[in-house]
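If you want the building blocks of each chain, they are given just below.
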Amino acid sequence: MAETFYFFTIIIFLNIFVGLLANRYGYDETLGAVEKYEISEYRRIFNMPEEQNTLDNMFSLFTQMHNLSVRYENYNNIKIKYLKLYFEKKYENKKHKNKLLNMYKSELDSLKTETHSLEQILKPELAAKSISSMETETMKTHQQTNAKKIQIDELKNQYVSLKSENEEKERQVKALEKEIDQNTKKILKLKSRQGNSELLQFQMEKLDIQLKSCTSCCQAKSCKAFGKSTDIHMIHVNRQTGAFSVSCNGQVAEAGPGWTVIQRRLDGSENFYRSWEEYKEGFGNLTGEFFIGLEKLHHMTTEEPQELFIHLEDFNNETRFARYSGFLVGGEEDSYKLVSLGEFSGRAGDILTENVDRGFSTFDKGDASNKAISYHGAWWYEDDGSLSNLNGHYIPNGEVILDFRGKGIFWYSDWHDEDYSFKSVQMMIRPRS
């Protein structure tokens, strides 16, 4: 009787177990209420929570139940054998997965080994690139250092040059002081002898001139300090210009003393069809034809108010002049614009006023560079032309041929028009005060 009870109990548990496996692994998706109850009873009897319903635990229980079924000659042995084969296949699949995982792990280790090898191979190349980059940076730094050294050498040379100039001026001042001292002694001797009064006066005037030359050689800003002199003198406008030589002219009858010549045309010995840089710095010979330079002219007219005197002479030796009371030239940032002229006086005609507010132009630069080419010169041209061209082409005898019509040194007025080129021109400035 007990054996029969155990037998049926095992049969019931096997049915519950098979139903549970079918529900978990997809053998029967439509479990009934009885089957669900059997599964629940199975879990309760074997005290197996949901999370322990794993393949390993199930197979262990199944093995125990299989042993019982063999012992009591279970009529469902065929079904049990089938399930055993199924679980064994599951285990084989699990082993196959583990094998695949081991294979993937082996491949991954191999890839890591290859990556390490590549890194070892590429290290010298990367190091070489790094060294090349460092060499490039070093070369750039070396070039920059050389450029700085060149700048320093240039500054040293400028310093030495300025130092030499200052020493030369000091020597000149000492020589003049010595000469003044000697002349003073001569004057005292003349006074003691009560010599000729006219001779004494002459010596006094000469001494006065020498005194002015001595005091003005390092302080004069223009030729005004040199009176009626027509010589070349050294002036010092400001720190930007430094000291430079100028041609003075204090002998023009209508003008009076103390004028600094900024432009002179005499005989065509100098070419005035020049570039922007040449007009900026100045060119020519101070004893002949020249242009003082736009940069110097800018500083001279801005340092103190200036008046402008333009002296014209034709080939009949007739002279006329144009005088302006407030001549001012702008800086290079404004193309050395003719800022103002002031009031006009003279017999040559007020021609230059038309050019106020116009920038300076040469053939290679300026708002009216095309006009500089057309007029073969450099000037404060207007967009539609100009009534003056004092830096134009020099034409002997003033006879303008067809090829040079409007390209000579002209001042368009009731005296002469653009078809006439003047014999000589002097542009001069002088401080108003």
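Residues numbered from 1 in each chain as written. Predicted model: local features only at pLDDT ≥ 70, side-chain atom pairs only at ≥ 80, totals over all residues. Heavy atoms only, no water.

Considerations on the state of the cysteines
Taken as a whole and judged by the stated rule, the model has one disulfide. Disulfide pairing is shown between Cys223 and Cys248; the S-S distance is 1.9 Å. Looking along the S-S bond of the Cys223-Cys248 disulfide, the torsion reads about -75 degrees, which is the left-handed sense. Within this pair, whereas Cys223 is found in the loop between α5 (197-216) and β1 (232-236), its partner Cys248 is found in strand β2 (residues 243-249), the two being separated by 25 residues in sequence. (Disulfide = S-S within 2.5 Å. Helix = DSSP H or I, 4+ residues; strand = E, 2+ residues; numbered from the N terminus.)

Topic: unusual backbone geometry
Positive phi, normally seen in glycine, also occurs at Asn317, with a value near 65 degrees. Mapped onto the elements of the fold, Asn317 is located in the loop between β6 (306-313) and β7 (319-329). A positive phi is found at His376, a non-glycine position, where the angle reads about 55 degrees. Mapped onto the secondary structure, His376 falls in the loop between α8 (369-375) and β10 (388-389).

With respect to the nonpolar core
Ranked by size, the top nonpolar core spans 58 residues in total, and within it Leu308, Ile310, Leu312, Phe327, Leu352, Leu390 and Trp411 carry the most contacts. Ignoring any residue separated from it by four or fewer positions in sequence, one finds Leu352 in contact with Leu308, Ile310, Tyr324, Leu338, Leu341, Trp379, Ser388 and Trp411. (Core = buried A, V, L, I, M, F, W, Y, C linked by side-chain atoms within 4.5 Å. Buried < 20%, exposed > 50% of the residue type's maximum accessible area, 1.4 Å probe, protein only. Contact = heavy atoms within 4.5 Å.)

Overview of the pairing of strand β3 (residues 259-265)
If a strand is regular, its side chains alternate between the two faces of the sheet. Among the seven residues of β3, seven are classified as buried, and the element is accordingly described as predominantly covered. Sheet analysis places β3 next to strand β5 (residues 290-291), joined by two bridges and oriented antiparallel. Residue pairing in the sheet places Gln263 in a bridge with Phe291 of β5. (Pairing = 2+ DSSP bridges.)

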